[in-house]
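# Structural overview
The lines below spell out each chain.
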Amino acid sequence: MSSASSWVAEVVAGGRHEAEITWTTHGVPHVVADDFAGLGFGQGWACARDHFAGIVDLVVKVRSERARHLGAGEGDKHLHSDLGYLALDVRRRAADAGSAPAGRDRRHGRRLRRRVNAVRRARA
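Let me begin by describing the structure that accompanies this report. (Residues numbered from 1 in each chain as written. Predicted model: local features only at pLDDT ≥ 70, side-chain atom pairs only at ≥ 80, totals over all residues. Heavy atoms only, no water.)

Residues in a regular strand project their side chains so that they alternate between the two faces of the sheet. With 5 of 7 residues buried, strand E2 (residues 17–23) is to be regarded as a mostly interior element. Across 4 bridges, the pairing between E2 and strand E3 (residues 29–32) is antiparallel. When the sheet's bridge partners are listed, Glu-20 is paired in E3 with Val-32. Linking E2 to E3, which pair antiparallel, is a turn of 5 residues; within it Gly-27 sits at a positive phi near 85°. (Buried < 20%, exposed > 50% of the residue type's maximum accessible area, 1.4 Å probe, protein only. Helix = DSSP H or I, 4+ residues; strand = E, 2+ residues; numbered from the N terminus. Pairing = 2+ DSSP bridges.)

Below, the discussion takes up the environment of Ala-46. Structurally, Ala-46 is set in helix H1 (residues 36–50). Classification of Ala-46 by relative accessible area gives buried; the value is 1%. Remark: the alpha-carbon pair of Ala-46 and Val-119, spanning 73 residues in sequence, is separated by 9.1 Å. Leaving out residues up to four positions away in the same chain, Ala-46 has contacts with Ile-21, Trp-23 and Pro-29. (Contact = heavy atoms within 4.5 Å.)

So, on to the nonpolar core. Counting residues in each nonpolar core, the largest one holds 13 residues, and the members touching the most others are Val-12, Ile-21, Trp-45 and Val-119. Contributions of two or more residues to this core are made by E2, H1 and helix H6 (103–123). Here the element with the most residues in this core is H1; it accounts for 4 residues. Setting aside residues no more than four positions away along its own chain, Val-12 makes contact with His-17, Glu-18, Ala-19, Ile-21, Phe-41 and Trp-45. (Core = buried A, V, L, I, M, F, W, Y, C linked by side-chain atoms within 4.5 Å.)

The subject of this paragraph is the packing of aromatic side chains. Aromatic rings considered in pairs are described by the distance between their centres and by the relative angle of their planes. This structure, assessed with the given rule, holds 1 aromatic pair. One cation-aromatic arrangement involves Arg-49 over Trp-23; the distance from NZ or CZ to the ring centre is 3.9 Å. (Phe/Tyr/Trp six-rings, centres within 6.5 Å; stacked < 30°, edge-to-face > 60°. Lys NZ or Arg CZ within 6 Å of the ring centre and 35° of its normal.)

Another point: a nonpolar patch on the surface. A cluster of nonpolar side chains, contributed by Leu-79, Leu-83 and Leu-86, occupies part of the molecular surface with about 280 Å² of accessible area. Tracing the backbone shows Leu-86 in helix H4 (residues 77–88). Leu-86 gets classed as exposed once you look at its relative accessible area, which sits at 55%. (Patch = residues over 30% accessible without salt bridge, like charges linked within 9 Å, V, L, I, M, F, W, Y side chains within 5 Å. Areas by Shrake-Rupley, 256 points an atom, 1.4 Å probe, with all protein chains shown as cover. Salt bridge = Lys/Arg side-chain N within 4 Å of Asp/Glu carboxyl O.)

Quick look at the layout of surface pockets now. Summary: where empty space remains is shown by rolling a probe the size of a single water molecule over the atoms. What the largest pocket holds in volume is close to 670 Å³. Surrounding the largest pocket, 20 residues form its lining, Val-59, Val-62, Arg-63, Gly-109 and Arg-113 being those nearest its centre. Tallying contributions element by element places helix H2 (residues 52–62) first for the lining of the largest pocket, with 7 residues. Here the residues of the lining of the largest pocket sort into 12 nonpolar, 3 polar and 5 charged. (1 Å grid on protein atoms, 1.4 Å probe; cavity = no way out; pocket = protein on both sides within 12 Å on 5 of 7 lines; lining within 4 Å. Points joined across faces, edges and corners; volume = space filled by probe spheres on them. Nonpolar A, V, L, I, M, F, W, Y, C, P; charged D, E, K, R; others polar.)

Our focus in this paragraph is H1. With 15 residues, H1 should reach 21 Å at 1.5 Å per residue; the first-to-last C-alpha distance of 21 Å fits that figure. Every buried residue of H1 is listed here: Gly-38, Phe-41, Gly-42, Gly-44, Trp-45, Ala-46 and Ala-48. (Expected span 1.5 Å × (residues − 1).)

Bringing the pattern of salt bridges into the picture now. With the rule as written, the count across this model stands at 4 salt bridges. Asp-50 is the salt-bridge partner of Arg-49, the closest N and O atoms lying 3.4 Å from each other. Taking relative accessible area as the criterion, Arg-49 reaches 33% and is therefore assigned partly exposed. The salt bridge partner of Glu-65 is Arg-68, with a shortest N-O separation of 3.6 Å.

Everything listed here is a matter of geometry and, on its own, says nothing about what the molecule does.
Here it is in structure tokens:
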């Protein structure tokens, strides 16, 4: 086990929530907060920080914008991906599915979006 002195700590805050996140030398986040909302915020921040590239790639993919941002790709793979997601009408289907989610699910979605955007701004 690593000593605490080799861990990296970060205090993150967003709106009403604050958490302290300590990453071990193996990259495992440990989140401490004063309440469950802060704990959820810190966990979301750590997840968004650790998986930012994958989250952005998924957003760009389902929006059918890979070729726009990355070019056609080898063998036109990004173009084919964009056309496939357009043909599946993923954006409309997601909008229809999300048009009337339960209040709790809607709040979780908004919180995730805020955390990802906060990590994006922190990286800029």
